[in-house]
Structure formats: C-alpha cells, structure tokens
Amino acid sequence: MNILLIGSGAREHALAWKMDQSALVDVVHCAPGNPGMDKIGPCFDVAADDIDGLEKLTLQIEPDLIVVGPEVPLALGLSDRLRARGFDVFGPSAEAARLESSKGFSKDAMDKYGVPTARFGRFKDLLGAKAFLDTMDAPFVLKADGLAAGKGVVIAQSRKEADAEVEAMLSGKFGEASSELVIEEFMQGEEASIFVMTDGEGALYLPAAQDHKQVGEGDTGPNTGGMGAYAPAPVVDDAVLARVKAEIVEPMLKGMAADGMPYQGVLYIGVMVTDDGPKVVEFNARFGDPECQVLMAGLTGDIVPALLVCATGGLKGNEDAFGALMDLEGFQPAATIILANEGYPESYAKGAVIEGVEDAGTVDGVEVFHAGTDIDDAGALIATGGRVLAMTATGADFDEAFARAYQAADRLNWPTGFCRRDIGWRVRKT
Ligand code: AMP
Ligand code: GLY
C-alpha cells in the first residue's frame, strides 16, 4: 500500500521510519518532509498548512492511507476534505480536533462528559477574568483558547503577575488565539502523556511517555516544544491506567460520538497524576513530539494495521489483535534527546553546518530523526529550525537507552547545537 504522511518534524520522520518497515507498505510519500524523510520516500514541497495543495497532491498520489502528523492541518479541516473525497485518513475531523484547537471547547467537553480536570472558567473580558481570579489562590493557570504553537499557557505565581498576563493576552499577546482565555486551577502532581489510537469507538493504548518541556536542566527556564522524552513512564502504572480508561477515555469517546463528532486518530492526553487520581491537563489531536519518537522506536511490531483500522473503523473488540501486531508486550525502553539550535526557544540563527549525523546513527540501537534541518547549495546538512535533531535509542533498560542516545549526540560536530544532559532524570540510575 501507499501512504501519504503530512508534516516535517522529527515526529513525522519517526512515523515514516516506522511505517516504512511494514511489510504492507510500498511507499511512504511525505509532504513536505525533511532531509531525513527524503531518504525513506519521496517528499513533495507542499506545506502542512496548505490544505488546498495537500488535497491536490492526494488526488494525484491516490494513497491508500493518509496520516496527518501536526495539529494545524487537522484544525483547518484536512481530514474532512480528504474523507469527503473517499480517502482513508488517520486524524480527526476539524470539529473533533477542537479538543486541541480550542481549550475552551475542550474544557466544556470534559465538563459535559464528567471527565476529571482542573476547575476552570472561560473569559473574553477583563472584568470577568479578574472576578474569577478573586475566587482562586496562586499559582494561576492562564491559557490562550486557540493554537499558539505550545506557548499559549502561562503559570502566574502571583495575583499581580496574573492580572498583567490576563491583560496582555486579552489585548492580543497571542493574536486571535488569546481573544478568549481559559483560567484554571493549578494541579499538583506528576505529568505524563498518554496516547490512545481510536476509530471513534475502540481504543488502543500505547505505552505512556513523559517529556521535558523546559529548556533548562532541572526542568527550568522557558517552555519549548519538548527537549526529550522516554517511554514507558513508570508513573502510569496499571492502577492509574485503569482510571484513565474508565474516567477519561471511555466517557470522552462515547460523548464525542454521541454528540456527532466521533474522534478518529490518536488522542493525546496530557495527564496530571494527582493524589486524587489522574486528571486531564490538556488534549491534543495528534502524536506528541518528542513522545512519538520514543513510541515508534520502542515498538517492535507493525503499527500500520492499527493506523489503518483507526481510519476505516472496526477496532472495537479487536484491540488485542492490533496490539499484538504492534507487539505492545515487547515494547523496549526508549529515550530521545532533542538537539536544539543555540538561542531556542527564543531566536536562533539558521544555516550552521552539522557534521557527524551518519556516524551518530551507527551507535547501537540509535535512530537519528530530523526536524529543523535542510541541505544547503553545497550539499551540506544545515540547521534551520529550533529543534533540529532527535537522537533516539532503545536499550535493555533506560540507562542503556539514554547512554546510547547521548553517545550519538556526542558524535555530532555542530558547535551551536545543544541538548539537556538530564533528560530522563526520573528513570535513570546513571
Ligand atoms: P498545556 O498546553 O495545556 O499542556 O499546558 C502547558 C503546560 O502547563 C502543561 O504541560 C503543564 O505542565 C502546565 N499546566 C497546564 N495546565 C495546568 C494546570 N491546571 N495545573 C498545573 N500545570 C498545568
Ligand atoms: N511534547 C508536547 C507536545 O507535543 O505537545
């Protein structure tokens, strides 16, 4: 079969790499792809937010399955358009993807379906927002309603800071995305990312992962898209997972279907494991990046049948069979370290040459996934993005996986690249 994969990050490189290993797959076409994905299948120069262009490309290629990596095309309705053309798509409708693209919608849905999450209010005006803050204690969690590339959440430590931030957001700090705010209570606990593949009814649970959002060691400094990740995350033990299934996933899937917007694709649940059990921090409508890299690396079986059944329906009651094809039982401890460009997540220079990527990829158990890379006119690999490479490794245990990923990172010759050295501190012994 032929697949069309949308996106250009290390998440998509990992998906392309994994799908390409399937005996069912002939070609993985990518749009727009990146220099790493280019080695797997043909890349087409159509941006992930150009949904007219992507529809045209799909009609040309006629893939048997389309896998949508990032949130923006989902929010723009790419899945709906391609389904209307008769294609099988792994990725939710624009309406269902509002679980990510509108935090207010997402909180209302949780409220309606009785899913545990932080107490919240939705506001378009300063007075209402301040009156709600009067009912809460610090720290205050302030969220732009719309998509803000992972930057739309501010945790204010004092009321003064919260007031200033609410004013800034409502007056356009994140553009249209912050014309409405969600204000919510701060939840104490340990965070994890849970990924559920679903056709709208059935649910297939991948091993839980954890990522490190902050740029600095010791989980300090500004938030990024994610500086590293690992799976399986021990904090999500059988008891927590059972509650996530019963209290979060089942009511969400049932509720969304009953309200005429069945959720098809992967539901990413940002969970806070609190003393009162798991509560939802956020939903995303896609795989996490960098969590996807460790999930694809750790899975030893074939993920393509599961992607396909989520797109076409028929998962319910057959979860064990699809889980066995993926070899969920045989999942290997996996780690990924993000190599980022000096200055990230603020501004950074583009164009520095990166050497040693091939050598890094020869370390036992390592795959190097590309994100913000390009090839310059002289044919050299250069850094063009904030997050640039994901050194991803499996091992017999986390210590071995992390040692391999860092060994690979150390083989790079790229003076303006950096990584955090403490990724996985919760699970590493060395
Ligand atoms: P979000 O984009 O909603 O995931 O928020 C970004 C990050 O802010 C999350 O990954 C959490 O670390 C933190 N966060 C968001 N909401 C809360 C909350 N209600 N309580 C504690 N931390 C939160
Ligand atoms: N790793 C966080 C995200 O993908 O949103």
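Everything here concerns the structure above.
Read on for an overview of the structure. Just so you know, these numbers come straight off a predicted model, no measurement behind them.

A few points about the pattern of salt bridges
Move 1: According to the stated counting rule, one finds 29 salt bridges in the structure shown.
Move 2: A salt bridge links K130 to E167; the nearest nitrogen and oxygen atoms lie 3.2 Å apart. You can see K130 sitting in helix α7 (residues 126–133) and its partner E167 sitting in helix α8 (residues 159–170), a full 37 residues away along the chain.
Move 3: We classify K130 as partly exposed; its relative accessible area is 23%.
Move 4: Residues R420 and D422 are paired through a salt bridge, measuring 2.8 Å at the closest nitrogen-oxygen approach.

With respect to the nonpolar core
Move 1: Counting residues in each nonpolar core, the largest one holds 49 residues, and the members touching the most others are L99, I194, M252, I269 and F283.
Move 2: If you tally residues by element for this core, the top one is helix α9 (residues 238–258), at seven residues.
Move 3: Discounting chain neighbours no more than four positions away, the residues touching M252 are L99, A109, M110, Y113, V115 and F283.
Move 4: Membership of the second largest hydrophobic core comes to 48 residues, among which are M19, Y268, F287 and I303.

Some details on the environment of F44
Move 1: Relative to the assigned elements, F44 resides in the loop between β2 (27–32) and α2 (51–61).
Move 2: Measuring from C-alpha to C-alpha, the distance between F44 and P139 comes to 46 Å, with 95 residues separating the pair along the chain.
Move 3: Leave out the neighbours within four places in its chain, and F44 touches H29, C30, A31, P32, L57 and I61.

Looking at the packing of aromatic side chains
Move 1: With the rule as written, the count across this model stands at eight aromatic pairs.
Move 2: Judged by centre distance (5.5 Å) and plane angle (70°), the rings of W17 and F369 are edge-to-face. Of this pair, W17 sits in helix α1 (residues 10–20) while F369 sits in strand β18 (residues 366–370); the two residues are 352 residues apart in sequence, bridging distant segments of the chain.
Move 3: The exposure class assigned to F369 is buried, which follows from its relative accessible area of 0%.
Move 4: Every member of this aromatic cluster is reached through a ring pair, and the members are F90, F195, Y268 and F287.
Move 5: Between the NZ or CZ atom of K245 and the centre of the ring of Y205, over which it lies, the distance is 4.8 Å.

As for the site of ligand 2
Move 1: The full set of residues close to ligand 2 is D211, G225, Y268, N284, R286, G288, D289, P290 and E291.
Move 2: The side chain of D211 places a nitrogen or oxygen atom 2.7 Å from a nitrogen atom of ligand 2.
Move 3: Interatomic distance of 2.9 Å between a side-chain N/O atom of R286 and an oxygen atom of ligand 2.
Move 4: Protein contacts shield 88% of the accessible area of ligand 2, which totals 200 Å² for the unbound molecule.
Move 5: In terms of residue class, the shell around ligand 2 is made up of two nonpolar, three polar and four charged.

Quick word on the environment of V235
Move 1: Summarising the element assignment, V235 is placed in the loop between β14 (228–231) and α9.
Move 2: Put simply, V235 and A192 are 43 residues apart on the chain and 7.6 Å apart in space, counted from C-alpha to C-alpha.
Move 3: Ignoring sequence-local partners within four residues, the contact set of V235 consists of E190, A192, Q210, V240 and V273.

Structural notes on the site of ligand 1
Move 1: Ligand 1 sits among 15 residues. The nearest are E184, E185, M187, E191 and E282.
Move 2: At 3.2 Å, a side-chain N or O of K103 approaches an oxygen atom of ligand 1.
Move 3: K213 places a side-chain nitrogen or oxygen 3.4 Å from an oxygen atom of ligand 1.
Move 4: Protein burial of ligand 1: of its 470 Å² of free accessible surface, 90% is covered by the chains.
Move 5: Residue assignment for the shell around ligand 1 shows that the elements contributing at least two residues are β6 (140–144), β7 (153–156), β8 (181–185) and β16 (277–284).

Some details on the sheet that holds β8
Move 1: An order of β5-β8-β6-β7 is seen for the four strands of this open sheet, with the pairing classed as antiparallel. One side of each edge strand has no neighbouring strand; the edge strands of this open sheet are β5 (120–123) and β7. On average, each strand axis in the sheet is inclined to that of its neighbour by 20°, with strand direction left out of account.
Move 2: For β5 and β8, the ladder comprises four bridges, and the chain directions are antiparallel. Bridging from a neighbouring strand, G121 pairs with I183 of β8.
Move 3: Along the sheet face, helix α6 (residues 103–113) touches β5, β6, β7 and β8 and points at about 140° away from the line of β5.

Overview of the sheet that holds strand β3 (residues 65–68)
Move 1: Here four strands make up an open sheet; going across it, the order is β2-β1-β3-β4 and the pairing parallel. Edge positions in the sheet fall to β2 and β4 (89–90), since each has one partner strand and no second.
Move 2: Sheet topology places strand β1 (residues 2–7) next to β3; four bridges connect them, and they run parallel. By the bridge assignment for β3, I3 is matched with L65.
Move 3: Across the face of the sheet, α1 comes into contact with β1, β2 and β3 while running at roughly 170° to β1.

Observations regarding the packing of helix α11 (residues 304–312) against helix α12 (residues 319–326)
Move 1: With their axes 8 Å apart at the nearest point, α11 and α12 run at an angle of 145° to one another. Here P305, A306 and V309 of α11 lie close against α12, whose contacting residues are F322, L325 and M326.
Move 2: Residue composition of the contact of α11 with α12, by class: six nonpolar, no polar and no charged.

Criteria and thresholds
Residues numbered from 1 in each chain as written. Chains lettered and ligands numbered in written order. Predicted model: local features only at pLDDT ≥ 70, side-chain atom pairs only at ≥ 80, totals over all residues. Heavy atoms only, no water. Salt bridge = Lys/Arg side-chain N within 4 Å of Asp/Glu carboxyl O. Helix = DSSP H or I, 4+ residues; strand = E, 2+ residues; numbered from the N terminus. Buried < 20%, exposed > 50% of the residue type's maximum accessible area, 1.4 Å probe, protein only. Core = buried A, V, L, I, M, F, W, Y, C linked by side-chain atoms within 4.5 Å. Contact = heavy atoms within 4.5 Å. Phe/Tyr/Trp six-rings, centres within 6.5 Å; stacked < 30°, edge-to-face > 60°. Lys NZ or Arg CZ within 6 Å of the ring centre and 35° of its normal. Near = heavy atom within 4 Å. Polar contact = N/O pair within 3.5 Å; in protein donor to acceptor, adjacent residues only side chain to side chain. Areas by Shrake-Rupley, 256 points an atom, 1.4 Å probe, with all protein chains shown as cover. Nonpolar A, V, L, I, M, F, W, Y, C, P; charged D, E, K, R; others polar. Pairing = 2+ DSSP bridges. Axes fitted to C-alpha atoms, helices over the stretch in contact; angles between N-to-C directions.

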